[in-house]
Amino acid sequence: FLKQLSHEEEIKELLEKEQKAEKAAQRAREAEKTIVTGKKVKMLTNLPPKLADATGKGYRELFLTEGNSASGTLKKVRDPYTQGVLSLRGKVLNTHDEELADILKNQEIKDIISAIGAGVGSMVNVKNSRYDKIILATDQDADGSHITVLLMTLFLYHMRPLVEAGMIYKVQTPLYRVKTKSGDKYFYSDKELQEYAEMYGLPAHYDRYKGLGALTEEQTEEVLANADSRVLVPMTTTDMEKTLLIYD
């Protein structure tokens, strides 16, 4: 009797999960239908006020920056024809378990989607993207890493074609700058600086960056805007299923 009861409970639990999944899928279809038919399409095509848009017609890249201080400096040194800047208010919504209808209620998420212009959910089309490259510009600390993960969660679960097309990048910002006779040298971790010190001795003068917002205009141009000196990490994967499992 107990075995039969346990089996019946398993079946009931399975049916409830299927019903929840079907209801979630139905809500997602309704949300996308609402966007397509025009109720929310205007919301996703109007550019956000916080976006400093690129004005050129050719190649364009969008920076998603952490905070107003970093974005303010970047806006001054960027190439306005090819580089756009969208400032985010710290940590964005975790969209991992959120349905499409719910994430569109969040202003920060709406701003990101409308700035890129490629669509959301099953309607994403990379050809419609307003930018060729989306660059995540966050600090090299725990909070910055968390923001990067939250942004990648949005792209992986709701705008995956952008990831699959290799359009998402993370700018690797340095922790230290050492002035040498041959020019400035950047270090991206404590380990790198330690190895340099072991080979050449600890430099008498070096800059420790506290975050993107603490960079000067010259430094911001060098580590973020200048394609020849910045370090970009492509946010791609050769195993999407394994990547999603890690995020789960």
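These numbers come from a predicted model, not from an experiment.

Participant: Could you give me a rundown of the overall build of the chain, with the residues and numbers involved?
Facilitator: The number of helices and strands found in the chain is 10 helices and 9 strands. Burial analysis of the chain (248 residues in total) assigns 40% to the buried set. Counted over contacts in the chain with a minimum sequence separation of 6, partners at least 24 positions apart contribute 66%. Working note: accessible area of the chain is about 14,300 Å², and carbon and sulfur atoms make up 51% of it.

Participant: Go over the pattern of salt bridges, please, and point to the residues and values.
Facilitator: Scanning the model with the defined rule gives 10 salt bridges in all. A salt bridge links aspartate 143 to lysine 91, with the nearest nitrogen and oxygen atoms 3.3 Å apart. Of this pair, aspartate 143 sits in helix H6 (residues 142-158) while lysine 91 sits in the loop between strand S3 (83-88) and helix H4 (100-103), and the two are 52 residues apart along the sequence. For aspartate 143, a relative accessible area of 42% translates into the label partly exposed. Judged by relative accessible area, lysine 91 falls into the partly exposed class, the value being 42%. Here aspartate 184 makes a salt bridge to arginine 177, at a shortest N to O gap of 3.2 Å. With a relative accessible area of 9%, arginine 177 lands in the buried category. Taken together, the salt bridges that share partners define one network made up of Lys50, Arg89 and Glu108.

Participant: Could you give me a rundown of the side chain of serine 87, with the residues and numbers involved?
Facilitator: By the element assignment, serine 87 lies in strand S3. Owing to a relative accessible area of 3%, serine 87 belongs among the buried residues under this scheme.

Participant: Mind laying out the sheet that holds strand S7 (residues 183-187), listing which residues take part and the relevant values?
Facilitator: An order of S7-S6-S8 is seen for the 3 strands of this open sheet, with the pairing classed as antiparallel. One side of each edge strand has no neighbouring strand; the edge strands of this open sheet are S7 and strand S8 (206-208). The average undirected angle you get between the axes of adjacent strands in this sheet is 20°.

Participant: Quick one: what's the story with the packing of aromatic side chains, residue by residue and with numbers?
Facilitator: Inspection of every chain in the model, using the stated rule, returns 4 aromatic pairs. Taking the centre distance of 5.8 Å and the plane angle of 70° together, the rings of tyrosine 176 and tyrosine 206 count as edge-to-face. Here the residue tyrosine 176 occupies a position in strand S6 (residues 176-180), and tyrosine 206 occupies one in strand S8, the gap between them amounting to 30 residues. With 6.5 Å between their ring centres and 25° between their planes, tyrosine 186 and tyrosine 209 make a pair best called stacked. Linking tyrosine 186 in strand S7 with tyrosine 209 in the loop between S8 and helix H9 (217-225), this pair joins segments that are 23 residues apart in sequence. With relative accessibility at 7%, the residue tyrosine 209 sits in the buried group. Linked through ring pairs, Phe187, Tyr196 and Tyr200 together constitute an aromatic cluster. Lying across the ring of tyrosine 176, arginine 208 places its NZ or CZ 5.2 Å from the centre.

Definitions and limits used
Residues numbered from 1 in each chain as written. Predicted model: local features only at pLDDT ≥ 70, side-chain atom pairs only at ≥ 80, totals over all residues. Heavy atoms only, no water. Helix = DSSP H or I, 4+ residues; strand = E, 2+ residues; numbered from the N terminus. Buried < 20%, exposed > 50% of the residue type's maximum accessible area, 1.4 Å probe, protein only. Contact = heavy atoms within 4.5 Å. Areas by Shrake-Rupley, 256 points an atom, 1.4 Å probe, with all protein chains shown as cover. Salt bridge = Lys/Arg side-chain N within 4 Å of Asp/Glu carboxyl O. Pairing = 2+ DSSP bridges. Axes fitted to C-alpha atoms, helices over the stretch in contact; angles between N-to-C directions. Phe/Tyr/Trp six-rings, centres within 6.5 Å; stacked < 30°, edge-to-face > 60°. Lys NZ or Arg CZ within 6 Å of the ring centre and 35° of its normal.

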